[in-house]
Amino acid sequence: MAGNGERMKTVRLSVPISDEDLKSLEIGTVVYLDGLIITGREKVYKHILDDGEDMPEGLMQRCNVGFHCSPAASVDGDGKYSVGAVTATASFRFAKSLPGWFAKTGCRVIIGKGGMSQKHYDEIFVPAKAVYFTTVGYGTGALLGRGIKEVENVHWLDELGIAQAMWVLRVENFGPLLVESDLQGNSLFEQNNKEINEKIEKLYEGLRAPSLSRYGETDNKRDELI
Amino acid sequence: MIAIGQIEKAAYDIMLKAAIDIPEDYEDGIRGMQKGEKGDLSYFVLEAMLENYDAAREDRRPMCADSGLPRYYVKAGNEALIEGGFIALEKVLRQATARATQDVPLRPNRVHPISRQDNNNNVGINAPEIDYSFEPDADWVEITTVHKGGLFGTDYRMLFPGDGIDGIKRFFLDVMISFGKRGLACQPAIVGIGLGGSKDTCMVLGKQAACLRIVGNKNPDPEIAALEEELKQMGNSIGMGAMGFVGSSMVVDCHIEVGYTHTGGMPMSVHSFCLSSRRASVRIYNDGRIEHRTDPNWFTPYTRRNTVEWQEMVSA
Ligand code: SF4
């Protein structure tokens, strides 16, 4: 990788990720993964948490990484699966399912888009000893697609559909990902937001407010929408 | 007469191109932004994006797994002759969408808004959208496909004449900041702004400004072009870059389109065409010649006309 790649601290981890590896992670570190990861979003959470479905036997001993995504995948005539690209989906929507998910599966890492709020790190991730990795740029689906070596299994494909099923993916050098939160609940996004927020009010200086206001939950530029 | 089969094939081909090959103008724009980017994290993100475009091209796989909402824009020359007419054209555009969804593959994103029923082919009620415009003295039809993603990064607001340029700048900043945090809008984006028109026109103009004008293109009205430049600079000096990290890469380019509006109002829409700015165009002539481009060339002097009669400008 050209440019400033070498200035970024980079690690390659195998899944299941060990306690020591998790402990040593710092926010802003670039991560590549080897091993198994599983996808999950709305319907998987509902299936496991609300409908009481059990996780496939033995799966979570081999994998402790969950991925908020739906792959661009197709199922060939001979029952083989091919994955073209994978892109994470925004994670904040799944916050309410995560306490149950961590408890039931022992999952320790969530990969997704956009991270969670500080409150969710403090209240959900830190107690579960879990960390969050964000995909980079989000739209880098082709790069991540390259890292997927094999679809080991797809669970509940018929009930949940291609986009919502639980895909078990064997990956190699899967990334880049960035450590967004660590075991203490420090967040890279929160850290960056703090720095950016300091200059925001100045941008609006001298610009008259519009004559008609809007109802809304926040008009504070330091707040976030998630 | 343009054979309908030729239109189907061309419409299918551009769907493949759009999903896989990032337009040159956008990629060059990202390279340019990267040169000026001082934030380490934001710089790193841009680098990963550029690598991702290479990976998509080399492996012939979609650049982003969220293949957005695939749709078509059709510009018909006044002299164009289409076999079977526009009903046949609309049928083959739906066919091409379904075929491309299976073959690329594109993600079958289109679902019924309430039942969430998915036909698994990106075709359904009012999908794909097909928008039309016309061109005088032309014996061709042009088809552009856009796969715009992004649940985030778009907003609309009714401003008033008294709000003036300040109001425009404020609302622009509001949208950039609110959706820019954590990079929800997948910036840097081509930001399109619709000003004026009726509310629906305002949304349509902003969307078309984002998706159908290339990086580097300027509005022919010098006053609007100056505002485009000013807003672009403003977006890039928020202090926020790719993924909402500290930096400067927010707006690859800013495009404004205007429409005459109610004398009491100044509606404004903002649209962000994300880092997977997917578009591809094709022109097919009556005699069967065919030309592929990445510039939709949608806004012509005719589409922006300001008079009752249309006359080609003889000379400026
Ligand atoms: S906004 Fe664009 S780049 Fe980001 S995930 Fe959606 S389609 Fe991909």
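Keep in mind that what you see is a predicted model, and the values were worked out from it rather than measured.

### Description of the overall build of chain A
Moving on, step 1. Broken down by element type, chain A carries 8 helices and 9 strands.
Moving on, step 2. Taken over C-alpha atoms, the radius of gyration comes to 19 Å for chain A, in line with the 17 Å a tight globule of 226 residues would show.
Moving on, step 3. Along the first, second and third principal axes, the C-alpha atoms of chain A reach 65 × 40 × 35 Å.
Moving on, step 4. Out of the 226 residues in chain A, the part that is buried amounts to 56%.
Moving on, step 5. Intrachain contacts of chain A at a sequence separation of at least 6 include 66% that bridge at least 24 residues.
Moving on, step 6. Total accessible area computed for chain A in this model is approximately 10,200 Å², and 46% of it derives from carbon and sulfur atoms.
Moving on, step 7. Averaged over its 26 positive side-chain charges, chain A has a centre that lies 4 Å from the centre of its 32 negative ones.

### A short note on the domain arrangement of chain B
Residue and element names in this part refer to chain B.
Moving on, step 1. Segmentation of chain B into domains returns domain 1 (4-18 + 63-149 + 279-293) and domain 2 (151-273).
Moving on, step 2. Look at where the C-alpha atoms of domain 1 and domain 2 centre, and you get two points 26 Å apart.
Moving on, step 3. Across the boundary between the two partners, domain 1 contributes 9 residues, which contact 12 residues of domain 2.
Moving on, step 4. Together, Tyr73, Lys148 and Arg279 form the three largest contributors to the area buried by domain 1 at its contact with domain 2, with a combined 70%.
Moving on, step 5. Our enumeration of links across domain 1 and domain 2 arrives at 0 salt bridges.
Moving on, step 6. The interface formed by domain 1 and domain 2 contains 2 residue pairs in polar contact (both at pLDDT 80 or more).
Moving on, step 7. Those elements that place two or more of their residues in the side of domain 1 that touches domain 2 are strand E1 (69-77) and strand E3 (140-148).
Moving on, step 8. Among the elements that take part in the side of domain 1 that touches domain 2, E3 stands out by supplying 4 residues, more than any other.

### Observations concerning the sheet that holds strand E4 (residues 155-159) of chain B
Residue and element names in this part refer to chain B.
Moving on, step 1. The sheet built from 4 strands is open, its strands ordered E4-E7-E5-E6 with mixed pairing. In this open sheet, the two strands that pair with only one neighbour each are E4 and strand E6 (251-259). On average, each strand axis in the sheet is tilted by 15 degrees relative to the strand beside it, whichever way the strands run.
Moving on, step 2. Here 8 bridges tie strand E5 (residues 189-196) to E6, and the two strands are oriented parallel to one another. In the strand pairing of E6, Ile190 is matched with Asp253.
Moving on, step 3. Contacts from helix H2 (residues 24-36) reach E5 and E6, with the element oriented near 125 degrees to E6.

### Notes on the site of the ligand
Moving on, step 1. What surrounds the ligand is the set Thr87 and Gly139 of chain A together with Cys64, Asp66, Gly149, Gly150, Cys186, Cys274, Leu275, Ser276 and Arg278 of chain B.
Moving on, step 2. Here the residues of the shell around the ligand are counted per class, giving 4 nonpolar, 5 polar and 2 charged.

### Topic: the side chain of Thr39 of chain A
Moving on, step 1. Within the fold, Thr39 of chain A resides in strand E2 (residues 30-39).
Moving on, step 2. Engagement of the side chain of Thr39 of chain A in a polar contact is seen with the backbone oxygen of Ala165 of chain A, the distance being 3.3 Å.

### Some words on the side chain of His271 of chain B
Residue and element names in this part refer to chain B.
Moving on, step 1. By secondary structure assignment, the location of His271 is in strand E7 (residues 266-273).
Moving on, step 2. Among the polar contacts listed, one links the side chain of His271 to the backbone oxygen of Met203, at a separation of 3.1 Å.
Moving on, step 3. A distance of 3.2 Å separates polar atoms of two side chains, one belonging to His271 and the other to Ser269.
Moving on, step 4. Setting aside residues up to four positions removed in sequence, His271 forms contacts with Gly153, Thr154, Ile190, Val191, Gly192, Met203, Gly206, Lys207 and Ala210.

### Notes on the interface of chain A and chain B
One widely used convention gives an interface's size as the accessible area the parts lose upon coming together.
Moving on, step 1. With 67 residues of chain A in contact, the opposing surface of chain B contributes 55 residues.
Moving on, step 2. Summed over both sides, the interface of chain A with chain B buries roughly 5,400 Å², with 61% coming from carbon and sulfur.
Moving on, step 3. Put simply, Asp166 of chain B and Arg208 of chain A hold a salt bridge, and the shortest N to O gap is 3.6 Å.
Moving on, step 4. Between the two partners, chain A and chain B, sit 31 residue pairs in polar contact (both at pLDDT 80 or more).

### Focus on the sheet that holds strand E2 (residues 130-135) of chain B
Residues and elements named next belong to chain B.
Moving on, step 1. Taken in spatial order, the 5 strands line up as E2-E1-E3-E8-E9 in an open sheet, and their pairing is mixed. The outermost strands of the open sheet, each flanked by one partner alone, are E2 and strand E9 (290-293). Each strand of the sheet is rotated relative to its neighbour by a mean of 15 degrees, with strand direction disregarded.
Moving on, step 2. Strand direction decides the pairing type here: E1 and E2, joined by 6 bridges, are parallel. When the bridges of E2 are listed, Lys75 appears paired with Ser133.
Moving on, step 3. Along the sheet face, helix H1 (residues 4-20) touches E1, E3, strand E8 (278-285) and E9 and points at about 155 degrees away from the line of E8.

Procedures and definitions
- Residues numbered from 1 in each chain as written.
- Chains lettered and ligands numbered in written order.
- Predicted model: local features only at pLDDT ≥ 70, side-chain atom pairs only at ≥ 80, totals over all residues.
- Heavy atoms only, no water.
- Helix = DSSP H or I, 4+ residues; strand = E, 2+ residues; numbered from the N terminus.
- Rg over C-alpha atoms; globule rule 2.2 N^0.38 Å.
- Buried < 20%, exposed > 50% of the residue type's maximum accessible area, 1.4 Å probe, protein only.
- Contact = heavy atoms within 4.5 Å.
- Areas by Shrake-Rupley, 256 points an atom, 1.4 Å probe, with all protein chains shown as cover.
- Lys, Arg positive; Asp, Glu negative; His and termini not counted.
- Charge placed at Lys NZ, Arg CZ, Asp CG, Glu CD.
- Domains from an automatic or database assignment.
- Buried area = accessible area lost by both parts, 1.4 Å probe.
- Salt bridge = Lys/Arg side-chain N within 4 Å of Asp/Glu carboxyl O.
- Polar contact = N/O pair within 3.5 Å; in protein donor to acceptor, adjacent residues only side chain to side chain.
- Pairing = 2+ DSSP bridges.
- Axes fitted to C-alpha atoms, helices over the stretch in contact; angles between N-to-C directions.
- Near = heavy atom within 4 Å.
- Nonpolar A, V, L, I, M, F, W, Y, C, P; charged D, E, K, R; others polar.

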